[in-house]
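As a plain string of letters, each chain reads:
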Amino acid sequence: MTLRYLTAGETHGPQLTAIIEGLPSNLELDFEALNFQLQRRQKGHGRGRRMQIETDTAQIVGGVRHGRTTGAPVALVVENKDWKHWTSVMNVEPIEGGDEAKRRVHRPRPGHADLNGGLKYNLKDLRNVLERSSARETAARVACGAIARQLLAHFGIKVAGHVVSIGDVVAATPNLPIDELIEQTEASPVRVVDKDAEQKMMDLIDKMKADGDTIGGIVECIVEGLPVGLGSHVQWDRKLDGRIAQAVVSINAFKGVEVGIGFEAGRIPGSQVHDPIMHSAEQGFYRASNNAGGFEGGMTTGEPIVVRGVMKPIPTLYKPLASVDIDTKEPFTAQVERSDACAVPAASVVMEHVVAWEVAKAFMEKFGGDSMEEIAANLSNYLSQVEAY
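You'll find the protein chain entered in an unreviewed UniProt entry as Chorismate synthase, with Cohnella yongneupensis given as the organism. Quoted verbatim from the Subunit (unreviewed entry) heading of the UniProt record, the comment on the protein chain is "Homotetramer." UniProt, in its Catalytic activity (unreviewed entry) section for the protein chain, records the words "5-O-(1-carboxyvinyl)-3-phosphoshikimate = chorismate + phosphate".

Structure, rendered in structure tokens:
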């Protein structure tokens, strides 16, 4: 038993579509909570005009009846309200007119998929690349992750995220219970608890926008309430930390990931890196610290998962970089499609949901059944086994 999803749709098309397969029956869905997660993705200081156009909601069109999953694939749709301005340009039928009518793109933007996609798929209109490679697709991924998040929450597993840094402004590390972290970061325009850093981050974003530039940053995701043993050491592709790392780097503009203390582990002695194993009658086996970020041997230890991802500055600049026209092969300065000055706070939300998806997938592989009741029984049996070990 496993979970998987596919998404389809373009940034200026009529909608984004996702199909989720592998959800059990009798998962009660909270539709307001689902749409709340989509709205969180649209927030954040530094977002562009597109977020003033879209008010994302997910419409479930299959696999759910009377508020509960049926065990069939779940199909959902997120409408693109901006589609009304693109009905001709993005029509699935052939249209009359030349490059101007089709809004053909023949000038690739540095840092985007434009040129690579055009060369790979032999596309002379780079709009066919940028429409799909756009981060707009992450709305569908957040919707899928929001459903996975509800599955995890049913079994007491919670997911949170926050911004670690934007540019050279670093927020103080929050030391809060996960529910308080969720509450306080939700009230921040840049998803931090540190109020001094919050204002400095917003000032930096405003400066980048005024300069026609963009800025990136680092975000962190935390998952609590996990049982030991999700993932496996027996094959490389079953290591859950590896799967989470792949999922994080798959997010648009993400260029790196670290688990626990991450790269710091390469700068200090092993005696300061590894987490001592402890035992008590109340807790069973546990770790005295969590430098490993909740993983050993590709498996969860029962400690919180801690994962960080780094997002590069958005490459669509109002201060454009040099590029080459694919028609004339002559140099030019890259055209602007539309841009945020900083999408790091929103990227934190996206990261929460891709991590939630991978954790839910591993959870289903370990405890999967055809119904929520079967999963609960499988989990209970396993926890009893671990307790008796």
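Alright, that's what it looks like, and here's the rest.
K.L.:
Is there a simple way to explain the overall build of the protein chain in this structure?
P.N.:
A count of helical and extended segments in the protein chain gives 11 helices and 18 strands. By its C-alpha atoms, the protein chain is 75 × 50 × 40 Å across when sized along the principal axes. Of all 389 residues assigned to the protein chain, the portion counted as buried reaches 47%. Expressed as a percentage of contacts within the protein chain between residues at least 6 apart in sequence, the contacts between residues at least 24 apart total 70%.

K.L.:
Please explain the packing of helix H1 (residues 31-42) against helix H6 (residues 138-154) as it appears in this structure.
P.N.:
For any two helices packed against each other, the geometry comes down to the angle between their axes and how far apart the axes lie. Following both chains from N to C, one finds H1 and H6 inclined at 140 degrees, their axes separated by 9 Å at the closest point. Comparing their axes, H6 and H1 come out oblique. Of the two elements, H1 crosses H6, and the hand of that crossing is right-handed. Here Ala-33, Leu-34, Gln-37, Leu-38, Arg-40 and Arg-41 of H1 come into contact with H6, specifically with Thr-138, Ala-139, Val-142, Ala-143, Ala-146, Ile-147, Arg-149 and Gln-150. Among the residues forming the contact of H1 with H6, the class breakdown is eight nonpolar, three polar and three charged.

K.L.:
Whenever I open this one, the UniProt feature "binding site: FMN" (unreviewed entry) in the protein chain confuses me. Can you help?
P.N.:
As annotated in UniProt, the feature "binding site: FMN" (unreviewed entry) corresponds to Arg-132, Ser-133, Ser-134, Asn-252, Ala-253, Gly-297, Lys-312, Pro-313, Ile-314, Pro-315, Thr-316 and Arg-338 in the numbering used here. Within the secondary structure, Pro-313 sits in the loop between strand S16 (305-311) and strand S17 (322-324). With near-sequence residues (within four places) excluded, Pro-313 lies in contact with Thr-214, Ile-215 and Gly-216. Position of Ile-314 relative to the elements: it lies in the loop between S16 and S17. In this structure Ile-314 comes out as buried when scored by relative accessible area, which is 14%.

Definitions and cut-offs
- Residues numbered from 1 in each chain as written.
- Predicted model: local features only at pLDDT ≥ 70, side-chain atom pairs only at ≥ 80, totals over all residues.
- Heavy atoms only, no water.
- UniProt positions renumbered as here; feature names shortened; annotations may be inferred.
- Helix = DSSP H or I, 4+ residues; strand = E, 2+ residues; numbered from the N terminus.
- Buried < 20%, exposed > 50% of the residue type's maximum accessible area, 1.4 Å probe, protein only.
- Contact = heavy atoms within 4.5 Å.
- Axes fitted to C-alpha atoms, helices over the stretch in contact; angles between N-to-C directions.
- Parallel < 35°, antiparallel > 145°, perpendicular 65-115°, else oblique.
- Left-handed = near helix turned anticlockwise from the far one by under 90°.
- Nonpolar A, V, L, I, M, F, W, Y, C, P; charged D, E, K, R; others polar.

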